Amino acid sequence: TNYPTKLCTDDLMGVTLEHVLIGTGYNTKLVQPKDVPRSWEDLLNPRWKGKKIGVESRFKLFIYNTPNWGQERTVKYLNRLKEQDPVFSKGASSSNTLLGVGEFAIGVGVYLHGVLRDQAKGVTIDWAPISPIIDKLSPFIVVREAPHPNAAKLFLRWLMSPEGQHLVDKVRGKGNPLPGSKTVQSGVIERLGIDVFTCTAWEVESIKGIEELYAEA
């Protein structure tokens, strides 16, 4: 197939079919269009000091961005972000909810598909054009002792097709984010000009103490 290799494991035995994109959202009632943050540096502007920024406390955005920034740069940034006196919330769904009701103006570490889902329900939130947005890759595989491996392979092949990807986008809201995919998520990324950084889950989840390191920072 013509499926992008960057969305597969190195050995091409696993493929990512759903995309959880992690980044930054904002409350459109609390953030004026001219003030929407467009870079990581913008989040350090004094106007956002004093519990105006909510940070998802599992730090998944920063953890999965580690191969891109490195631990040292990430810790330095988090130390600066701490000076903004942010609010901490646990869980993407609860963070989206708190952002929507105005508990804070900007939500760092929220999921794009969640923001779009709530936005469609009339919640006054939108996505900030801060790059990169993180695509946490959790590939699908055919297990070694599958009772019907060929049927499983056929199903995965279909899910990799444009028709299958359209269904993933329609039902799950976690469609392919790459340009030209014609999914809801890719449309937002193309419109805002956001860069996507892909990272496999196991690449960073095995780093001992990384969540504690970032939490301390």
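Residues numbered from 1 in each chain as written. Predicted model: local features only at pLDDT ≥ 70, side-chain atom pairs only at ≥ 80, totals over all residues. Heavy atoms only, no water.

Helices and strands together make up the secondary structure of the protein, namely 10 helices and seven strands. At 18 Å, the protein has a C-alpha radius of gyration in line with the 17 Å of a compact globule built from 217 residues. Taking the principal axes of its C-alpha atoms as reference, the protein extends roughly 55 × 40 × 25 Å. Per-residue burial for the protein yields a buried fraction of 48% across its 217 residues. Of all intrachain contacts in the protein linking residues separated by at least 6 positions in sequence, the fraction that spans at least 24 positions is 77%. Total accessible area on the protein is roughly 11500 Å²; 54% of this is exposed by carbon and sulfur atoms. Averaging the positions of the 27 positive and the 24 negative side-chain charges in the protein gives two centres separated by 3 Å. (Helix = DSSP H or I, 4+ residues; strand = E, 2+ residues; numbered from the N terminus. Rg over C-alpha atoms; globule rule 2.2 N^0.38 Å. Buried < 20%, exposed > 50% of the residue type's maximum accessible area, 1.4 Å probe, protein only. Contact = heavy atoms within 4.5 Å. Areas by Shrake-Rupley, 256 points an atom, 1.4 Å probe, with all protein chains shown as cover. Lys, Arg positive; Asp, Glu negative; His and termini not counted. Charge placed at Lys NZ, Arg CZ, Asp CG, Glu CD.)

What follows covers empty space enclosed by the protein. Enumeration over the complete set of coordinates arrives at one cavity of 30 Å³ or more. Space inside the largest cavity adds up to approximately 50 Å³. Residue lining of the largest cavity: Ile22, Val55, Glu56, Arg58, Phe59, Lys60, Leu61, Phe62, Val108, Gly109 and Tyr111, and that is the complete set. Elements that contribute at least two residues to the lining of the largest cavity include exactly strand E2 (53-56), helix H1 (60-64) and strand E4 (106-111). Split by residue class, the lining of the largest cavity holds seven nonpolar, one polar and three charged. (1 Å grid on protein atoms, 1.4 Å probe; cavity = no way out; pocket = protein on both sides within 12 Å on 5 of 7 lines; lining within 4 Å. Points joined across faces, edges and corners; volume = space filled by probe spheres on them. Nonpolar A, V, L, I, M, F, W, Y, C, P; charged D, E, K, R; others polar.)

Here the focus is the layout of surface pockets. Estimates place the volume of the largest pocket at around 530 Å³. Contributing to the lining of the largest pocket are 20 residues, with Leu12, Met13, Gly14, Val15 and Leu156 lying nearest its centre. Of the residues belonging to the lining of the largest pocket, the class tally is 12 nonpolar, four polar and four charged. What the second largest pocket holds in volume is close to 340 Å³. Met160, Ser161, Pro162, Gln165 and Asn176 are, among the 16 residues lining the second largest pocket, the residues nearest its centre. Secondary-structure elements contributing two or more residues to the lining of the second largest pocket are helix H6 (149-160) and helix H7 (162-172).

A few words now on the environment of Leu21. Turning to its location among the elements, Leu21 is positioned in strand E1 (residues 20-27). For Leu21, a relative accessible area of 0% puts it in the buried group. Between the alpha carbons of Leu21 and Gly114 there is a distance of 9.5 Å; along the sequence they are 93 residues apart. Apart from residues lying up to four places away in sequence, Leu21 is in contact with Val110, Tyr111, Leu112, Trp127, Ile133, Ile134, Asp135, Pro177, Gln185 and Ile189.

For the coordinates displayed, the defined rule picks out eight salt bridges. Several salt bridges share partner residues, and in doing so they unite Lys34, Asp35 and Arg47 into one network. (Salt bridge = Lys/Arg side-chain N within 4 Å of Asp/Glu carboxyl O.)

We now examine the environment of Lys170. With respect to the helices and strands, the residue Lys170 is situated in helix H7. The exposed category is assigned to Lys170, whose relative accessible area is 67%. Put simply, Lys170 and Val184 are 14 residues apart on the chain and 8.6 Å apart in space, counted from C-alpha to C-alpha.

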